[in-house]
Amino acid sequence: MSNVFKLIEKDEFEEIAYGYDKKTGLKSIVAIHDTTLGPAFGGTRMMLYDNEEEALKDCLKLARAMTYKNAAANINFGGGKAVIIADSKTQKDEALLRAYGRFIDGLAGRFIAGVDVGTDENDMVIVQQETDHVTALPTYYGGAGSTSGATAYGVYQGMKKAAEIVFDNPNLADKSVSIQGAGNIGYRLADFLTQEGAEVYITDIDESALQKASENLDVKIVEPESIYELDVDIFAPCALGAILNDETIPKLKCELIAGSANNQLKDVEKHSEMLKKRNIVYGVDYILSAGGVINNSQQYNPCGYNKEAAYQKVAKIGDTMKKVIEIAQSNDITTCKAAKMFAEDRLELSKRLNKWYIKAERGIKV
Ligand code: NAD
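Everything numeric in this text was worked out from a predicted model, so none of it was measured.

What follows is about the overall build of the chain. Counting its regular elements, the chain contains 14 helices and eleven strands. Taking 2.2 N^0.38 as the reference for a compact globule, 366 residues should give roughly 21 Å; the C-alpha atoms of the chain span a radius of gyration of 21 Å, in line with that estimate. In terms of its C-alpha atoms, the chain occupies a principal-axis envelope of roughly 55 × 55 × 45 Å. Burial statistics for the chain: of 366 residues in total, 53% are counted as buried. The long-range fraction of contacts in the chain, counting pairs at least 24 apart against all pairs at least 6 apart in sequence, stands at 64%. Looking at charge distribution, the chain has the averaged site of its 43 positive side-chain charges lying 6 Å from that of its 53 negative ones.

Attention now goes to the pattern of salt bridges. The final tally for this structure, using the stated rule, is 24 salt bridges. In this structure, Lys27 engages Glu52 in a salt bridge whose closest nitrogen and oxygen atoms are separated by 3.8 Å. Of this pair, Lys27 sits in strand S2 (residues 26-34) while Glu52 sits in helix H2 (residues 52-72), placing them 25 residues apart in sequence. For Lys27, a relative accessible area of 39% translates into the label partly exposed. Take Glu52: its relative accessible area is 53%, and that puts it in the exposed class. Ionic pairing is found between Glu53 and Lys57, a salt bridge with its closest N-O pair at 3.5 Å. Note that Glu53 and Lys57 are positioned in helix H2 at a spacing of four residues, about one turn of the helix. The network of salt bridges with shared partners includes Arg45, Asp58, Lys81 and Asp116.

Taken together, the five strands give an open sheet; going across it, the order is S1-S2-S4-S3-S5, and neighbouring strands pair in mixed fashion. Every other strand in the sheet has two partners, leaving strand S1 (15-21) and strand S5 (111-115) as the edge strands with one partner each. Direction aside, the axes of adjacent strands within the sheet are offset by 25 degrees on average. The pairing of strand S3 (residues 40-47) with strand S4 (residues 78-85) spans six bridges and is parallel. Residue pairing for S4: Arg45 is matched across the bridge by Val83. Of the strands in this sheet, S1, S2, S3, S4 and S5 are in contact with helix H3 (residues 94-106), which crosses S2 at around 35 degrees.

Right, let's talk about the domain arrangement of the chain for a bit. According to the domain assignment, the chain consists of domain 1 (4-141) and domain 2 (148-341). Centre-to-centre separation of domain 1 and domain 2, based on C-alpha positions: 26 Å. Carbon and sulfur atoms make up 64% of the area that domain 1 and domain 2 hide from each other, which totals about 1,300 Å². On the domain 1 side of the interface with domain 2, the three residues burying the most area are Tyr68, Lys69 and Ala72, jointly 36% of the side's total.

Another aspect to go through is the site of the ligand. Not every one of the 18 residues close to the ligand is listed here, only the nearest: Thr147, Thr151, Ile185, Asp204 and Asn262. Contacts to the ligand include Asn184, whose backbone N or O atom sits 3.0 Å from an oxygen atom. One of the side-chain N or O atoms of Asn262 is found 2.8 Å from an oxygen atom in the ligand. Surface burial for the ligand is 73%, taken as the share of its 830 Å² of free accessible area covered by protein chains. When the residues that make up the shell around the ligand are grouped by side-chain class, the tally is six nonpolar, ten polar and two charged.

Procedures and definitions
- Residues numbered from 1 in each chain as written.
- Predicted model: local features only at pLDDT ≥ 70, side-chain atom pairs only at ≥ 80, totals over all residues.
- Heavy atoms only, no water.
- Helix = DSSP H or I, 4+ residues; strand = E, 2+ residues; numbered from the N terminus.
- Rg over C-alpha atoms; globule rule 2.2 N^0.38 Å.
- Buried < 20%, exposed > 50% of the residue type's maximum accessible area, 1.4 Å probe, protein only.
- Contact = heavy atoms within 4.5 Å.
- Lys, Arg positive; Asp, Glu negative; His and termini not counted.
- Charge placed at Lys NZ, Arg CZ, Asp CG, Glu CD.
- Salt bridge = Lys/Arg side-chain N within 4 Å of Asp/Glu carboxyl O.
- Pairing = 2+ DSSP bridges.
- Axes fitted to C-alpha atoms, helices over the stretch in contact; angles between N-to-C directions.
- Domains from an automatic or database assignment.
- Buried area = accessible area lost by both parts, 1.4 Å probe.
- Near = heavy atom within 4 Å.
- Polar contact = N/O pair within 3.5 Å; in protein donor to acceptor, adjacent residues only side chain to side chain.
- Areas by Shrake-Rupley, 256 points an atom, 1.4 Å probe, with all protein chains shown as cover.
- Nonpolar A, V, L, I, M, F, W, Y, C, P; charged D, E, K, R; others polar.

In C-alpha cells:
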C-alpha cells in the first residue's frame, strides 16, 4: 500500500510492523496504536482477507479500539492488535505459530499478543516458546485461561449496575432479559441471570447451543427473528456485530441493552442517537465486554495471576458502566460519546503523569 503513512497519521498510530517468514509463509501485521498506558495489549486474529489492504485496515481498526477498551477498563496497557493472514483451519501449525512468536519477540515487549478469531490458548502456548510477550495462556502455564468466563461475569456485573440507574435497582430477580446467542458468553450470562431469578429468553441459530441451554438452564427458547420484538426489560446481544440498525432499533421494547457482542451498532453515531431518542440506554460494548482483557492482564500482576483478585477487578466494569451512563445523562449525550470521553480522560491524565509528557509540555527536550 502506498498511503500507509496517511492511515498512521489519521488515527495517530505509533507503529505498524510487518512480519514475514519465508519457510512458513507467515504474513503478519502488528499495529501499535497507543502506548501511553503501557505496552500495547491485544489479540491475534488469524484469517484470510480479500487482499492485504483489507488485512491492514482490520488490524488498524481493531488496534485503535483496544486503546479505548483498555483505557476504560482501567488496566495499564495500551492498544494494539495483530493479524496473521492465513486460514486458521488449514494453515495453522506449530512452525507458523513459532515464526509469529519470533516476530512478536522482535517487538521487544511493545506488543503483548493474546487470542482473537482463529487463535486460542493452546496456540499461545506454542507462541510462548519463542517469546515472553504473550498472554491468554492456560492456567497451567501461569496464564489466566479462557476469557469467556471473565467476559460473561463482566457483562453481568455491568448489566446490574446499569439496571441500578435505569430501573433504580441492581437486582435482576424481577427482570426479563433476552439473550441473542447461546455460545460461550450468552450461555454463561444466562446462567448468572437465571441463578439470580431473572426471566431469560434465549435464541441461537445453532440447535446444539440451544439444546445445551434448555437442558441445563431455566430459560425460554425463542426463534432468532423474534428476539428484537420481545417485550423484555433488557436485551443482551451476545452473537454478532451490527445488529443494532435501522431495521432492528424500531422493534425494540427494552429499556436497557447490555451484551458482549463486538461493534453492536451498525453506525455508532447514528444508531447510538437513535437509541437515545427512544430512551433505550445502550451499555457500550467495549466497556461491558472488557472482562476477558482485564482477566488476562492480571497475568502481569507482580504477585502472579490470582483468579479471585482478577475477578474483583472484572467486577469493577459495573462501576465504569454506571459512571459512563451518569456522564451521558448529565451531559445529555449518548453513552458511546460518554465512554469515549471517559477513556480519553484516562489517557490524558496518564500523559500528564508521565514525566516525558510533563517535560515535553514544559518545552524541555526529551
Ligand atoms: P460464540 O461463537 O461462542 O457464540 C456466539 C453464538 O451466537 C453462537 O452460538 C452462534 O451460533 C450464535 N449466533 C450467530 N449468529 C446468530 C444469529 N443471527 N442469531 C442468534 N444467534 C446467533 O462467541 P462468544 O465467545 O460467546 O462471543 C459472543 C460475542 O461476544 C462475539 O461478538 C464476540 O466477539 C464477543 N466477545 C467475546 C469475548 C470472549 O471472551 N469470548 C470477549 C469480548 C467480546
